[in-house]
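In case you want the letters, here they are:
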Amino acid sequence: MNRPLRLGVNIDHVATIRNARGGDHPDPVRAAEIVASVGGDGITAHLREDRRHIRDEDLRRIQDATDLPLNLEMAATDEMLAIALAHRPHAACIVPEKREERTTEGGLDAAGQHNHLQRYVDSLREADIRVSLFIEASERQLDAALRLGVPVVEFHTGEYAHAQLDGDSERTARELKRIADMAALASKNGIEPHAGHGLTYENVQPIAAIPQLAELNIGHYLVGEAVFVGLEEAVRRMRDLMDEAR
Ligand code: PXP
């Protein structure tokens, strides 16, 4: 039987809208409460160096407001490590971060940054925080994740999402196979595979059907849909599509 597939909802862009006016509405904490009430499995939030969406004080407020596990996306910097150790989220996903990028554009170069990353992985693990690395679905990166001793990897689905948006079915199939193959390999090696980035109602099902995947993290599309149908409805519909694909 396929393992259950968790849905982590990334609420960053509720904070993006809030910050556009500098006030406190819409509050990402309210979004977290709604996600909890409709059966979301976790809250994901990326505290970026420039604090363009989630801010430091949001983390504690989100943790206080719901019992859902918090997955903190963070760059491998001393500042973020100190914040993670102070907040002790359930999970921390190490992501690459460039100040000028619009979103997290590619995976972490775990292979090229082994020595830099090891200290962060070890410190987070010692604090009982479940560490994952946001990587491209490639053997090279998966090998590096294995050497770093992380329990989880999250595969970047951005290329797959782009290919699907471009209507390029061959590329979409190739990207999907790459993710499916690496999810199988991760699982075989004792690493729990997750996936996320750019997932929508239209492209989620082939990813959700990959049997080894344990969690999808989805944000921008859900917050966008929430503008039209409300966050409850958007999360429910995504959940239904994921379950149907399983
Ligand atoms: N997973 C990770 C590690 C991310 O950094 C992000 C946001 O960039 C997501 C998932 C969610 O991506 P999206 O907002 O495109 O759904």
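Worth saying up front: this structure is predicted, and the values here are computed from it rather than measured.

Q: Would you take a moment to explain the pairing of strand 6 (residues 152–156) for this structure?
A: Taken residue by residue, a regular strand's side chains alternate between the two faces of the sheet. The buried fraction of strand 6 is high, at 5 of 5 residues. Side-chain alternation along strand 6 places Val152, Glu154 and His156 on one buried face and Val153 and Phe155 on a second face that is also buried. Between the parallel elements strand 5 (residues 130–135) and strand 6, the chain passes through helix 6 (residues 139–148) in a crossover that is right-handed. Here 5 bridges tie strand 6 to strand 7 (residues 192–196), and the two strands are oriented parallel to one another. Paired with Glu154 across the two strands is His194, which belongs to strand 7.

Q: Teacher, can you tell me more about the packing of aromatic side chains here?
A: To describe a pair of aromatic rings, one takes the distance between the centres and the angle between the planes. Taken as a whole and judged by the stated rule, the model has 1 aromatic pair. Aromatic pair Tyr201 and Tyr221: ring centres 4.9 Å apart, planes at 80°, arrangement edge-to-face. Separated by 20 residues along the polypeptide, Tyr201 in the loop between strand 7 and helix 9 (204–208) and Tyr221 in helix 10 (residues 220–229) bring together distant segments of the chain. Here Arg237 stacks its cationic end above the ring of Tyr201, 4.4 Å away from the centre of that ring.

Q: Would you explain the sheet that holds strand 6 in this entry?
A: Sheets are built from strands paired through backbone hydrogen bonds, the pairs being either parallel or antiparallel. Read around the closed barrel, the 8 strands follow the order 1-2-3-4-5-6-7-8; overall the barrel is parallel. In this sheet, neighbouring strand axes are inclined to one another by 25° on average, regardless of whether the strands run parallel or antiparallel. Relative to strand 2 (residues 42–46), strand 1 (residues 6–10) runs parallel, the two sharing 3 bridges. By the bridge assignment for strand 2, Val9 is matched with Ile43. Where helix 5 (residues 114–126) meets the sheet, it contacts strand 3 (70–74), strand 4 (91–94) and strand 5, and its direction lies at approximately 170° from that of strand 4.

Q: Mind showing me how you'd approach the site of the ligand here?
A: The local shell around the ligand holds 13 residues, among which Glu73, Glu154, Gly198, Gly219 and His220 are the closest. In the model, an oxygen atom of the ligand is placed 2.8 Å from a nitrogen or oxygen of the Gly198 main chain. At a separation of 2.7 Å, an oxygen atom of the ligand approaches a polar backbone atom of Gly219. Look at the ligand: alone it shows 390 Å² of surface, and the protein chains cover 95% of it. Residue composition of the shell around the ligand, grouped by class: 3 nonpolar, 8 polar and 2 charged.

Q: Mind showing me how you'd approach the UniProt feature "site: Transition state stabilizer" (unreviewed entry) in the protein chain here?
A: Those places that UniProt annotates as "site: Transition state stabilizer" (unreviewed entry) correspond, in this numbering, to Glu154. As for its placement among the helices and strands, Glu154 is situated in strand 6. Setting aside residues no more than four positions away along its own chain, Glu154 makes contact with Cys93, Leu133, Phe134, Ile135, His194, Ala195, Gly196 and Asn217.

Q: What is the right way to read the UniProt feature "binding site: 1-deoxy-D-xylulose 5-phosphate" (unreviewed entry) in the protein chain from this model?
A: The positions UniProt marks with the feature "binding site: 1-deoxy-D-xylulose 5-phosphate" (unreviewed entry) are Asp12, His13, Arg48, His53 and Thr103. Maximum C-alpha separation among the annotated residues is 12.3 Å over a sequence range of 92 residues, consistent with a single clustered spot. Of note, His53 is situated in the loop between strand 2 and helix 3 (56–65). By relative accessible area, which is 4% here, His53 ends up buried. When near neighbours in sequence (up to four residues on either side) are disregarded, His53 contacts Asp12, His13, Ala15, Thr16, Arg18, Asn19, His46, Arg48 and Asp58. Among the polar contacts listed, one links the side chain of His53 to the backbone oxygen of His46, at a separation of 3.2 Å. By relative accessible area, which is 34% here, Thr103 ends up partly exposed. With near-sequence residues (within four places) excluded, Thr103 lies in contact with Arg48, Arg52 and His197.

Q: Looking at this structure, how should I read the nonpolar core?
A: The nonpolar side chains of soluble globular proteins are, as a tendency, buried together. Counting 73 residues, the largest nonpolar core has Ile94, Leu124, Leu133, Val153, Phe155, Ile207 and Leu216 as the members making the most contacts within it. Of the residues forming this core, the biggest block, 7 residues, is contributed by helix 11 (residues 231–245).

Q: Would you mind showing me how to read the packing of helix 7 (residues 158–165) against helix 8 (residues 169–188) here?
A: Axes are the key here: two packed helices are described by the angle between their axes and the distance separating the axes. Between helix 7 and helix 8, the shortest axis-to-axis distance is 8 Å and the interhelical angle comes to 160°. Between helix 7 and helix 8, the angle is such that the two are roughly antiparallel. Regarding helix 7 and helix 8, the two cross each other, and that crossing is left-handed. On helix 8, the residues touching Glu159, Tyr160, His162, Ala163 and Gln164 of helix 7 are Arg171, Thr172, Glu175, Leu176, Arg178 and Ile179.

What counts, and at which threshold
Per chain, residues are indexed from 1 in the order of the written sequence. Local features are withheld for residues below a pLDDT of 70 in this predicted model, meaning they are given only at 70 or higher, and side-chain atom pairs are given and counted only at 80 or more; totals for whole chains, interfaces and linings count all residues. Water and hydrogen atoms were dropped before computing side-chain values, which therefore reflect all heavy atoms in the structure. The classification of residues rests on relative accessible area computed with a 1.4 Å probe and restricted to protein chains. Under 20% of the type maximum is buried, over 50% is exposed, and intermediate values are partly exposed. Secondary structure elements are defined from DSSP: runs of H or I of at least 4 residues count as helices, runs of E of at least 2 residues count as strands, and each element is numbered from the N terminus. Look down the strands so they point away from you; if the path from the first strand over the helix to the second goes clockwise, the crossover is right-handed. In this scheme, strands are said to pair when DSSP sees at least two bridges between them. Centres within 6.5 Å make a pair out of two Phe, Tyr or Trp rings, where for Trp the six-membered ring is used; the pair is then stacked when the planes are under 30 degrees apart, edge-to-face when over 60, and tilted otherwise. A positively charged side chain is recorded as over a ring if its NZ (Lys) or CZ (Arg) lies within 6 Å of the ring centre. The angle to the ring normal must also be within 35 degrees. Comment: axis = line fitted to C-alpha atoms, over the contacting stretch for helices; angle = value between 0 and 180 degrees taken between N-to-C directions. Contacts are residue-level and defined by heavy atoms, with any inter-residue pair within 4.5 Å sufficient. By convention in this text, a residue qualifies as near a molecule or strand provided that one of its non-hydrogen atoms is within 4 Å of it. Under the rule applied, a polar contact is a pair of N or O atoms within 3.5 Å (in protein, one hydrogen donor and one hydrogen acceptor; residues adjacent in sequence only if both atoms are side-chain atoms). Residue exposure ignores everything except the shown protein chains as possible cover, and the areas themselves are Shrake-Rupley values with a 1.4 Å probe. In this classification, Asp, Glu, Lys and Arg are treated as charged, Ala, Val, Leu, Ile, Met, Phe, Trp, Tyr, Cys and Pro as nonpolar, and every other residue, Gly included, as polar. UniProt positions are given in the numbering used here, feature names are shortened, and annotations may be inferred rather than shown by experiment. Only buried Ala, Val, Leu, Ile, Met, Phe, Trp, Tyr and Cys residues count toward a nonpolar core, and they belong to the same one when joined by side-chain atoms within 4.5 Å. Under this scheme an angle from 65 to 115 degrees is roughly perpendicular, one under 35 degrees roughly parallel, and one over 145 degrees roughly antiparallel; angles in between are oblique. We call a crossing left-handed when the near helix sits turned anticlockwise from the far one by less than a right angle, and right-handed when that turn is clockwise.

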